[in-house]
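Coordinates in review
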Amino acid sequence: MKIEIWSDIMCPFCYIGKRKFEVALAQFENKDTVEIEWKSFLLSPEMKTDPSKNIHQFLAEHKGISLDEATGMNDTVAHIAAQVGLEYNFDKTIPANSFNAHRFLHFTKQHGKQNEAEELLFRAYFTEGKNIDDAQTLMGFAAQLGLDANEFAQAMGQGAFTDEVIADIQEAQQLGVRGVPFFVFNRKYAVSGAQEPALFLETLEKVAAEG
C-alpha cells in the first residue's frame, strides 16, 4: 500500500496529523507493507525568511490581527499539539520560507530517509527554533541522517530538486488539494486534515481489504 502525504513543514496541523497517523499505523496489522511518500506543499510561497521576527509577529501581519490575538491562536495550537505528545515552542519559531526544506526532503527521498527527514524538520521548526531555510542547518540535518552533507550542498547549488517540489505542488492542484495535511491511499481514498487515529486506521483497513 502506498500513502502519499501532502504537507508543509510550517503547517502545525501537518505535524499533529503525522503523529495521529503514526498512532493508527502502529495498530495496523499490515504496517510493514505500507510505503509512505511525503509530497511538497507551500502554504506561504511568497514568504520571506526573517530570523529577526517571531512567528507571532508573522501571523499577526499575515492575518491582519493583533499580536495578542496571534499569540492566543498559537497557544491554542500548542495545546492541541501537546495532546499528541508534541512540544511547540512558538516563541522560538523562526518564520521561514519552506521551499529549500522541501528540496531537502526530495534529496533525502533519493536515499530512503525521507520520513526521518520530515520528522527532523518538523521538530527543528516547531520545537527547537531552528531556521529551516538556512543552508548550514539543512547540511547539518543531512549529516545527522548519515547522508553526505557536501553532496546535498552541491545539489542545492545546482538548483536540484526545484522541479520536483513544483511538480508536487502542481499535482496537488490537479487533485484539488485545498489544505494540508492531505493523505492519499493507493490513489483511491483521501483523508484531509489532522484526523483522529481511528479514521486513519479505518481507511488503512478498508484499502487493505480491497487489495
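Source: prediction; values computed, not measured. (Residues numbered from 1 in each chain as written. Predicted model: local features only at pLDDT ≥ 70, side-chain atom pairs only at ≥ 80, totals over all residues. Heavy atoms only, no water.)

**Observations regarding the side chain of Ser44**
Our working definition: The numbering of helices and of strands both runs from the N terminus, where a helix is a DSSP run of H or I of at least 4 residues and a strand a run of E of at least 2. Relative accessibility under 20% of the residue-type maximum defines a buried residue, over 50% an exposed one, and the middle range a partly exposed one, all with a 1.4 Å probe and only protein chains included. Only heavy atoms enter the contact rule, under which two residues are in contact if any of them lie within 4.5 Å.
Along the chain, the position of Ser44 falls in the loop between strand 2 (35–40) and helix 2 (55–63). With a relative accessible area of 13%, Ser44 lands in the buried category. Excluding anything up to four places from it in sequence, Ser44 contacts Asp8, Met10, Phe58, His62 and Asn97.

**Describing the environment of Val34**
Its place among the elements puts Val34 in the loop between helix 1 (12–27) and strand 2. For Val34 and Ser98, which are 64 residues apart along the polypeptide, the C-alpha to C-alpha distance reads 27 Å. Ignoring sequence-local partners within four residues, the contact set of Val34 consists of Met1, Ile3, Leu25 and Phe28.

**Topic: unusual backbone geometry**
A cis geometry characterises the amide bond from Val180 onward to Pro181, with omega recorded as 5°. Summarising the element assignment, Pro181 is placed in the loop between helix 8 (162–175) and strand 3 (182–185). One non-glycine residue, Arg187, lies in the positive phi region at around 55°. Tracing the backbone through its elements, the reader meets Arg187 in the loop between strand 3 and strand 4 (189–192). According to the relative accessible area criterion, Arg187 is partly exposed, its value standing at 44%.

**What to know about the packing of helix 4 (residues 99–110) against helix 6 (residues 135–144)**
Helices that pack against each other are described as a pair by the angle of their axes relative to one another and the distance between those axes. Short version of the rule: Helix axes are fitted to C-alpha atoms over the stretch in contact, other axes to C-alpha atoms as well, and angles between N-to-C directions run from 0 to 180 degrees. Oblique is the label for any angle not under 35 degrees, not over 145, and not in the 65 to 115 range, which are roughly parallel, roughly antiparallel and roughly perpendicular in turn. Whether a crossing is left-handed or right-handed is set by the direction in which the near helix is turned from the far one by less than a right angle, anticlockwise for left-handed and clockwise for right-handed. Amino acid classes used here: Ala, Val, Leu, Ile, Met, Phe, Trp, Tyr, Cys and Pro are nonpolar; Asp, Glu, Lys and Arg are charged; the rest, including Gly, are polar.
Between helix 4 and helix 6, the least distance of the axes is 11 Å, while the angle of their chain directions is 20°. Between helix 4 and helix 6, the angle is such that the two are roughly parallel. Relative to helix 6, helix 4 is oriented so that their crossing is right-handed. Residues Asn100, Ala101, Phe104 and Phe107 of helix 4 form the contact with helix 6, whose own contacting residues are Leu138, Phe141 and Ala142. Within the contact of helix 4 with helix 6, the residues separate by chemical class into six nonpolar, one polar and no charged.

**Remarks on the environment of Ser7**
Tracing the sequence through the fold places Ser7 in strand 1 (residues 2–7). Residue Ser7 is classed as buried on the basis of its relative accessible area of 1%. The spatial distance from the C-alpha of Ser7 to the C-alpha of Trp38 is 7.1 Å, given a sequence separation of 31 residues.

**Re the nonpolar core**
Note the cut-off: The criterion is simple. A nonpolar core is a set of buried Ala, Val, Leu, Ile, Met, Phe, Trp, Tyr and Cys residues joined through side-chain atoms within 4.5 Å.
Ranked by internal contacts, the top residues of the largest apolar core, which has 46 residues, are Ile9, Tyr88, Phe104, Leu121, Ile132 and Phe152. The set of elements that each furnish at least two residues to this core consists of helix 1, helix 2, helix 3 (67–82), helix 4, helix 5 (114–126), helix 6, helix 7 (149–157) and strand 3. In this structure, Phe28, Phe183, Phe185 and Val207 belong to the second largest nonpolar core, which totals 15 residues.

**Description of the pattern of salt bridges**
As a reminder, the rule being used: What counts as a salt bridge is simple: a side-chain nitrogen of Lys or Arg found within 4 Å of a carboxyl oxygen of Asp or Glu.
This model, assessed by the stated rule, comprises 17 salt bridges. When the shortest N-O distance is used, the salt bridge between Lys39 and Glu171 registers 3.1 Å. Within this pair, whereas Lys39 is found in strand 2, its partner Glu171 is found in helix 8, the two being separated by 132 residues in sequence. Summarising the burial analysis for this pair, Lys39 and Glu171 share the class buried. Between Lys53 and Glu61 there is a salt bridge, and its shortest N-O distance comes to 2.6 Å. Judged by its relative accessible area of 28%, Lys53 is partly exposed. Glu61 gets classed as exposed once you look at its relative accessible area, which sits at 52%. When salt bridges with common partners are traced through the structure, they connect Lys2, Glu4, Glu37, Lys39, Lys109, Asp168, Glu171 and Arg187 into a single cluster.

**Re the sheet that holds strand 3**
Heads up, the condition is: Strands pair, by our definition, only if DSSP identifies at least two bridges between them.
Taken in spatial order, the four strands of this open sheet run 2-1-3-4, and their pairing is mixed. Two strands lie at the open edges of the sheet, namely strand 2 and strand 4, each paired on one side alone. Sheet twist, expressed as the average angle between the axes of neighbouring strands with direction ignored, equals 20°. Strands strand 1, strand 3 and strand 4 of the sheet are contacted by helix 9 (residues 197–210), whose axis makes an angle of about 175° with strand 4.

Geometry only, nothing functional implied.
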